[in-house]
Amino acid sequence: MKAKSIWLWVLLVVTAVSSCKYDDGELWDKVNSLDNRVTNIEEQLTQMNTNISSISTIVNAIDDNLFITSLEETANGYSIKFSNGETATLTNGTNGADGKDAPVIGFDEFEGKYYWTQTIDGQQSWLTDEAGNKLPVTGADAVTPQLKVNTDGFWMVSYDNGLTYAEVLDEAGNPVKAVGEDGKDGEDGIDGSDGAKGDSWFSEVKVENGYVVFVLIDGTEINIPFESEDTPNPIEEEYFDIEEATYHSGAMPEATTKLPTEQGELIADETFAPGGSSYFSLNTTEELENIYIGVEGKEGYYEMNAADVLTTVPSRTTYMFNYQFILLISQQFTANVTLRIVIQTIDGRFYFLTWEVRLIEVGIGELQISLAFSNAKDVDLHVIEPNGNIIFFGSRQPWLFTTDSTPNISEGQIIGLDLDSNPGCNIDNVNKENIYFPAEYVQKGTYTVLVDMFSNCDENIATDWTVRVNYRGQLIRPDTGTNPANGTFPIGTPSNGAYRPNMPVAMTFTINEGIEVPVISRSSNDIYPVGKNLDSFAKMKLLQMGIVVD
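Cut-off values and rules
- Residues numbered from 1 in each chain as written.
- Predicted model: local features only at pLDDT ≥ 70, side-chain atom pairs only at ≥ 80, totals over all residues.
- Heavy atoms only, no water.
- Helix = DSSP H or I, 4+ residues; strand = E, 2+ residues; numbered from the N terminus.
- Contact = heavy atoms within 4.5 Å.
- Disulfide = S-S within 2.5 Å.
- Buried < 20%, exposed > 50% of the residue type's maximum accessible area, 1.4 Å probe, protein only.
- Polar contact = N/O pair within 3.5 Å; in protein donor to acceptor, adjacent residues only side chain to side chain.
- Pairing = 2+ DSSP bridges.

(A) Highlighting the environment of K298. On the secondary structure map, K298 appears in the loop between strand 18 (288–295) and strand 19 (301–305). When the C-alpha positions of K298 and L339 are compared, they lie 9.8 Å apart, and in sequence the two are 41 residues distant. Leaving out residues up to four positions away in the same chain, K298 has contacts with I235 and Y239.

Right, here's the structure in full:
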């Protein structure tokens, strides 16, 4: 581009010299001025195309409900990191009031979707394809424009990643000048009329009330949640976490009206077990925009996009929207609490609910494996230790505990399976199970975690389950499956009665520390061990399996 422009001027110089003799200093000044302007435009193009790409990243972050984890001011702009690991770079301009003809690429919302815009001489219009269709910023049909300047000094735009370019036209259909003898491109000229610290589409970036605020050149504000990677989260540390949610410090959005019973209901666990999980199901007659949840009297709360946890919409068989989410309970949870939930409908109304939760004490130990399920059935947790020993309701203790002649435990303390819910459909509504290992009873090797629908107390409803494994206070990385692991027993699932081939494997994981134990061998008739000191429910369930216990 620069070489061709300079060559044009050289031809003019040659023509002039052959015609007559004169002082050519002024002509060469113009050549050098043009060369400088082209160089400046090239630098601007790099900045502008970087910022256009960043617009796409930022708008997609809004659509995907991401949050910003890092915002750093650089020498000429900002570096941004999002919760999914993607980054964006914004560059500032310098004072460039003469650059009023430079196209300002931005975006605007139309019918719930973002589209690209251009602003020329203060007049905004949609960027369109040859058929006149607006160009989307996000979605499967999204495009990211690229700008350049042609050899005649006019702005060009590409909608196919630089394969083809077309002239940028103003409202009158005229091509927009970028470089010319009149010098209207200015020193930088991509900022718009004021040229202050800003960019082709934003005038200011600031952090307010837990959000990064992008102030557009027209004054519009775009807010994206900001949660620094270093921001403390006392709710997660002391109470619970929610995978689908974003944590915010400060006060929860205000709601003064309690959700009327005829407009919705909350179905949730009334108990929390430290290190476990709890199901929450919210039914509403109106579609929701956002769900907020926190602890009464405590700063900080979680925000969920309701669409991310929507499971059912109204139909012939149901007249309510159903939203489900799982709370991952902190191992530091130590007391009864009241939860506060605020919902925002799609038309902007806010309602609140409160929910009382009581503590169920369970063991945590060095290794903790917990199961939670969504309704009152006899769902069992089975763990196969590296040496082949099976921990379940009929044999609750880890192998190393059973071989310890002098265990250091208090009276009534249970090591291993210390929570067994709804045994034999004797419903307690706890809907949780827990197995834990003190450090001295952790084996080295690979563990297998299974889930059993021992007794399906109501086959007319499905049952969701989740398994969570904590090792030394952190979620362990599984060899197979995920952690937490989730699954569903669909409607009509028959009672399985501990028949292992029918049990879903939640996950396997390996511990590289601990005590190595030789693999035990059992005959097919002794596939399940029978432990000592079993309660009446365990004996009843073993009897259903054909195992008689004295």
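Now that the structure is up, let's keep going.
(B) The arrangement of the state of the cysteines in detail. Scanning all chains against the criterion turns up 1 disulfide. A sulfur-sulfur distance of 2.0 Å marks the disulfide that ties C425 to C457. Residues C425 and C457 share a disulfide whose torsion about the S-S bond is about -95°; that sign makes it left-handed. Here the residue C425 occupies a position in the loop between strand 27 (416–420) and strand 28 (432–437), and C457 occupies one in the loop between strand 29 (445–455) and strand 30 (463–471), the gap between them amounting to 32 residues. By relative accessible area, C425 is classed as partly exposed at 30%. For C457, a relative accessible area of 30% puts it in the partly exposed group.

(C) Spotlight on the side chain of N233. By the secondary structure assignment, N233 is in the loop between strand 12 (221–225) and helix 3 (234–238). Classification of N233 by relative accessible area gives buried; the value is 9%. Only 2.9 Å separates the side chain of N233 from the backbone nitrogen of E236, close enough to count as a polar contact. There is a polar contact of 3.2 Å between the side chain of N233 and the side chain of Y302.

(D) Expanded view of the pairing of strand 8 (residues 155–158). Of the two faces of strand 8, the one carrying W155 and V157 and the one carrying M156 and S158 are both buried. Bridge count between strand 7 (residues 146–149) and strand 8: 4 bridges; the pairing is antiparallel. Each bridged residue has a counterpart across the sheet, and for V149 the counterpart in strand 8 is W155. Hairpin connection of strand 7 to strand 8: 5 residues between the antiparallel strands, including G153 at a positive phi of 85°. Two strands pair when backbone bridges link them, and strand 8 and strand 9 (residues 166–167) are joined in this way by 2 bridges, in the antiparallel orientation. From the neighbouring strand, M156 faces strand 9, where its bridge partner is E167.

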